[in-house]
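Chain and residue survey
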Amino acid sequence: MHSVLSAVRAVCGARAAAAACLAAAVVLLAGPAPAARADTADWSLTPSAGGGTRPAKDGRPYFYAEGSPGTVLEDEVAVTNPSAKPRTIRLRGADPDDTGTGARPAKGRSTDTGSWITFAKREVKVPPRTRAEVPFTVTVPAGAVPGDHPGVIVASDGGRDAAVRLHLRVSGPTLSAVTVERVAVDGAGDGKRISYDLVNRGNTVLRPRLAVHAEGVFGTVLDRAPRTLPVELLPGRRVTLTEPWRDAPALDSVDVKLSVTAAGGAHDTATASARFVPWGAVAGGGALLLGAAGGALHVIRRRRRGRPPVEQEPEEIRELAAVGTATGTGEQL
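Treat the numbers as computed from the prediction; the structure is a model and nothing was measured. (Residues numbered from 1 in each chain as written. Predicted model: local features only at pLDDT ≥ 70, side-chain atom pairs only at ≥ 80, totals over all residues. Heavy atoms only, no water.)

**With respect to the nonpolar core**
The nonpolar side chains of soluble globular proteins are, as a tendency, buried together. Among the nonpolar cores identified, the biggest contains 28 residues, and Val180, Val183, Ile194, Tyr196, Leu198, Trp245 and Leu258 are the most heavily contacted of them. At the level of elements, strand 11 (178-186), strand 12 (193-200), strand 13 (209-216), strand 15 (238-244), strand 16 (252-262) and strand 17 (266-276) are the ones that each hand at least two residues to this core. Setting aside its immediate chain neighbours within four residues, Val180 contacts Tyr196, Asp197, Leu198, Leu258, Val260, Asp268 and Ala270. (Core = buried A, V, L, I, M, F, W, Y, C linked by side-chain atoms within 4.5 Å. Buried < 20%, exposed > 50% of the residue type's maximum accessible area, 1.4 Å probe, protein only. Helix = DSSP H or I, 4+ residues; strand = E, 2+ residues; numbered from the N terminus. Contact = heavy atoms within 4.5 Å.)

Listed below in structure tokens is the structure:
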């Protein structure tokens, strides 16, 4: 079908007329209609087979393009409508979100690769049981920074969005670097967790691997082998992640160490300290001590109330006795 599209372009004129020829290309690509069936299938968005700087005969899961600053890269995106009714698909370029696989468009206005994408037609009418291949270009600015510049091609129709990743690398020196920051242990009970930030300090997309180790007063309390995190860390981006710790000790003082690695030699470590105290048990023990002390004070007070009062001697008698003791003799009156 790619050859059919090329023939249509040759008949219609130069590449500048690709937008005008798109409707004719859609009709030719339709082919014979399959047997009638229920309208349960939905439209899809995929890279056109055989395009890009790394074509693949069996289809591509995403776009890949590479070029130096100032170049214009060309490719095609395919919109397939297997349903029994026509579709009007709107296309746009976008920057990827900060987390996940990078296949979701970021909210707000594009400032990087998303703004470099231009389509032959931004709105495409696709007849039933037809695939339309839409040319687009990626214009790399002259001052673009070398390294990875991921993007997303988004199609919208009927309240539904579909997206395909675009991996764009601008020629030039690359650096893979990552830092681990703001490590902290928080939460209570079984909800304890380790939170931390990962920051991509280089210019390549990173798929980091994380290892967690914690030492307590009596030895190792946590040791998790390196594993790949479900995130693509884009150049210059920061993400906040958490690591659950449901079996954290109830009473201990621990030192937590996070180690992160990624392709290209990127690596970093960070530590944090935490003290675990079962405040509920402490509060209960304190209440028992206070209760015992209060009971003892009550008993002492009751005993004091039960004693007979001590008779006091008259003041005059005490004074005469004191005088007699001081002189050692007495006079007979």
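**Side note on the sheet that holds strand 11**
If you trace the 3 strands from one edge of the open sheet to the other, you get 11-12-15, paired in antiparallel fashion. The strands lining the two open edges of the sheet, one partner per strand, are strand 11 and strand 15. Pairwise comparison of adjacent strand axes, ignoring direction, gives a mean angle of 20° for this sheet. Relative to strand 12, strand 11 runs antiparallel, the two being bridged by 7 bridges. Residue Val185 lies in a different strand from strand 12, and its bridge partner there is Ile194. (Pairing = 2+ DSSP bridges. Axes fitted to C-alpha atoms, helices over the stretch in contact; angles between N-to-C directions.)

**Thoughts on the pattern of salt bridges**
Under the criterion given, the structure shown has 15 salt bridges. Measuring nitrogen to oxygen at the nearest pair gives 3.0 Å for the salt bridge that ties Glu232 to Arg207. Within this pair, whereas Glu232 is found in the loop between strand 14 (219-228) and strand 15, its partner Arg207 is found in the loop between strand 12 and strand 13, the two being separated by 25 residues in sequence. Using a relative accessible area of 9% as the deciding quantity, one classes Glu232 as buried. (Salt bridge = Lys/Arg side-chain N within 4 Å of Asp/Glu carboxyl O.)

**Here's the deal with the pairing of strand 16**
Residues of strand 16 alternate between two faces, with Asp252, Val254, Val256, Leu258, Val260 and Ala262 buried on one and Ser253, Asp255, Lys257, Ser259 and Thr261 left unburied on the opposite face. Examined bridge by bridge, strand 13 and strand 16 share 7 bridges and lie antiparallel to one another. Considered in strand 16, the bridge of Arg209 is made with Thr261. For strand 16 and strand 17, the ladder comprises 11 bridges, and the chain directions are antiparallel. Looking at the pairing, Val254 lines up with Ala274 of strand 17. Hairpin connection between strand 16 and strand 17: a loop of 3 residues separates the two successive antiparallel strands, and Gly264 in this loop has a positive phi of roughly 85°.

**Topic: the confidence of the model for the protein**
Summary statistics for the protein give a mean pLDDT of 78 and a share of 67% for residues scoring 70 or more. Between the elements of the protein, mean pLDDT differs from a low of 39, seen in helix 1 (residues 2-12), to a high of 98, seen in strand 5 (residues 117-119). Here residues 1-40 is modelled with pLDDT under 50, and outside its nearest four sequence neighbours on either side it reaches 44 contacts, counting other chains as well. Throughout residues 320-333 the model reports pLDDT below 50, and contacts reaching past four residues in sequence, or to other chains, amount to 0 contacts. (pLDDT = per-residue confidence, 0-100.)

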